[in-house]
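# Summary of structural features
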Amino acid sequence: MNNRWKRFCDNELAMTILSMSVVVVFWELLVYFFKIPQWLLPSPKAIISEMYRSAAYLWEHSLVTLGEIILGFALAFGGGLLLGIIIAFSPVLEKTLYKLLVATQAIPKVAIAPILVVWLGLGQLSKIALVFLLCFFPIMVGTVSGLQSTNRELLELADVMGANWFQSFLKIRFPAALPYLFNGLRVSVSLAVIGAIISEFVNADRGLGYSLLIATSQLKGPLTFSVVTILALLGIGLFSIVAWLEKLVCPWAKSTETESHPDN
Amino acid sequence: MPALLSLEGVEKTYWLAPNQTIAALGKIDLEVQDREFIAIVGPSGCGKTTMLKLISGILKPSKGRITIQGIPFKNSHRQLLGMVFQQPALLPWRTVLNNVLLPCEIKGQDLRKARALAKELLGLVGLKKFINRNPRELSYGMQQRVSICRALISDPKILLMDEPFAALDAITRFELTRLLLEIWSMKKNTVLFVTHNIQEAVFLADRVVVMTSRPGRIASIIDVPLPRPRKEEHLYEQSFSNCAKTIHQLLGLNAL
Ligand SMILES: Nc1ncnc2c1ncn2[C@@H]1O[C@H](COP(=O)(O)OP(=O)(O)OP(=O)(O)O)[C@@H](O)[C@H]1O
Ligand SMILES: [Mg+2]
């Protein structure tokens, strides 16, 4: 009995589902007993039926936002990785460009969103650009710090074996940097969703951020909350993909965490 | 016929800042013959690691020269060298077998042949069952055995070992010491073995190089009068303890 209970508590998925269900039931009861109006706080049931009713509309806008997120993120991944590699091996660029880029992080990038619209127009380009700007930095920093913190002994080992620069990069430095890179990716994938929504808030005629604004301005409670739910699911989904990839690509990175669990 | 390895007036000074230096290694003159087993003992910080790094080409000497078979260091010398560090320094993303194969991959050797040899070596050190495991699933002593196999895979003429057993418990330590002697008697490499342990040095080596504290110089080179193959009984013989005592005194005198 005790043992089974313990095993249940250790099962992360079961615990997540359980705690979510408790929240949903509590929420439903709250709305029911206090007769909260729909425009203020719709019940979970109302939200789900709204999602079902407006499925086509929500799907269309989700695709727009997802497209912006993926494009911006992919560009940031390519650019951040490339620039990170270059900076990691160039002391001159590290002292100049890298310092400069770190300094620009003091600018709240949300404030740039309207400027991007002025520069890049009302279309999707300005949204992709903000996602890119938000995602780029964590990926680049992850790459640089990963490549620069290779264990010295491993590099000396490569040296003794007569590895050339390219070999020691490919076989030692880069794999060793992967956990750091994934740290950056996890941060930036969360930022990507935020970036897309904010730039759609600023100016857009489609996308989830746009439909969220419209729904709230028309006091459509269930629709508003449907969009928020989708955004939450989108964020969780993208984050899970990155986490899953990390497990696949560098399973050694987190091993110390799982190993420290006593499995009794 | 020149010695296999020779150090002539080798010095090493580390530059910490433009006007702050550390003289790590004094003036080292040493000749090592083919198939010799040399142990190096000395107080901590006397430059033993530095010396191995100079020989392996990781560092360049500030003064003097190092020659192998009479030829000053050049890149092709790396083919003749294998190194075991104090830490196993295995790549966590590679299996045990692929860690051992790393030098062959880098040198572009025939991997099929190398794989067979790697398995043989891993079997020799008692890790046959673990070849497809990840290093982190192995104990520290097992990892160090893997790193010894990695050093041996390219059949180096000179094997450099930097306190490879220092972090092991006494039992594992002695096991690996015996294993090393066994391998050495088969492969007949030349070994330079750094250690803090006087008993270990005497038990393993033909000659023990005793160093002074920083800047490291050679205080004396002691011949070990024990026959080969070495056996546990040798540990209790008079000549063994005499030899150990001499080294002890040499180190004790230089402790200040
Ligand atoms: N990369 C480095 N930069 C500056 N100084 C160094 C460096 N490596 C070693 N030293 C210095 O050189 C001296 C010799 O170091 P080394 O590591 O060779 O000693 P060691 O004999 O191997 O010591 P131990 O027995 O503790 O391993 C030490 O005083 C150390 O402070
Ligand atoms: Mg050392």
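Bear in mind the structure is a predicted one, so any value in this text is a computation, not a measurement. (Residues numbered from 1 in each chain as written. Chains lettered and ligands numbered in written order. Predicted model: local features only at pLDDT ≥ 70, side-chain atom pairs only at ≥ 80, totals over all residues. Heavy atoms only, no water.)

Inspection of the secondary structure puts Ala74(A) in helix H4 (residues 55–88). The spacing of Ala74(A) and Phe136(A) is 62 residues in sequence and 9.5 Å in space, taken between C-alpha atoms. (Helix = DSSP H or I, 4+ residues; strand = E, 2+ residues; numbered from the N terminus.)

Residues and elements named next belong to chain B. Reading across the sheet, the 4 strands line up as S2-S1-S4-S5 and stay open at both edges, with antiparallel pairing between neighbours. Of all the strands in the sheet, just strand S2 (20–32) and strand S5 (71–72) have a single pairing partner and so form its edges. The pairing of strand S1 (residues 5–17) with strand S4 (residues 63–68) spans 5 bridges and is classified as antiparallel. Residue leucine 7 lies in a different strand from S4, and its bridge partner there is isoleucine 66. (Pairing = 2+ DSSP bridges.)

Residues and elements named next belong to chain A. Per-residue confidence for chain A gives a mean pLDDT of 90, with 95% of residues at or over 70. Helix H12 (residues 255–259) is the least confidently modelled element of chain A, averaging 44 in pLDDT, while H4 averages 96, the highest of any element. Low pLDDT, under 50, characterises residues 255–264; the stretch is placed with 3 contacts to residues that sit more than four places away or in other chains. (pLDDT = per-residue confidence, 0-100. Contact = heavy atoms within 4.5 Å.)

Facing the 21 residues of chain B at the interface are 19 residues of chain A. Carbon and sulfur atoms make up 66% of the area that chain B and chain A hide from each other, which totals about 2000 Å². A per-residue breakdown of the area chain B buries against chain A is headed by Trp93(B), Ile106(B) and Arg136(B), which together make up 36% of the total. Remark: the boundary between chain B and chain A carries 3 salt bridges. Counting across the interface, chain B meets chain A through 4 residue pairs in polar contact (both at pLDDT 80 or more). Breaking the side of chain B that touches chain A down by element, the ones donating at least two residues are helix H1 (48–56) and helix H2 (96–107) of chain B. Looking at the side of chain B that touches chain A, the element that brings in the most residues is H2(B), giving 5 residues. Split into classes, the residues belonging to the side of chain B that touches chain A amount to 11 nonpolar, 3 polar and 7 charged. (Buried area = accessible area lost by both parts, 1.4 Å probe. Salt bridge = Lys/Arg side-chain N within 4 Å of Asp/Glu carboxyl O. Polar contact = N/O pair within 3.5 Å; in protein donor to acceptor, adjacent residues only side chain to side chain. Nonpolar A, V, L, I, M, F, W, Y, C, P; charged D, E, K, R; others polar.)

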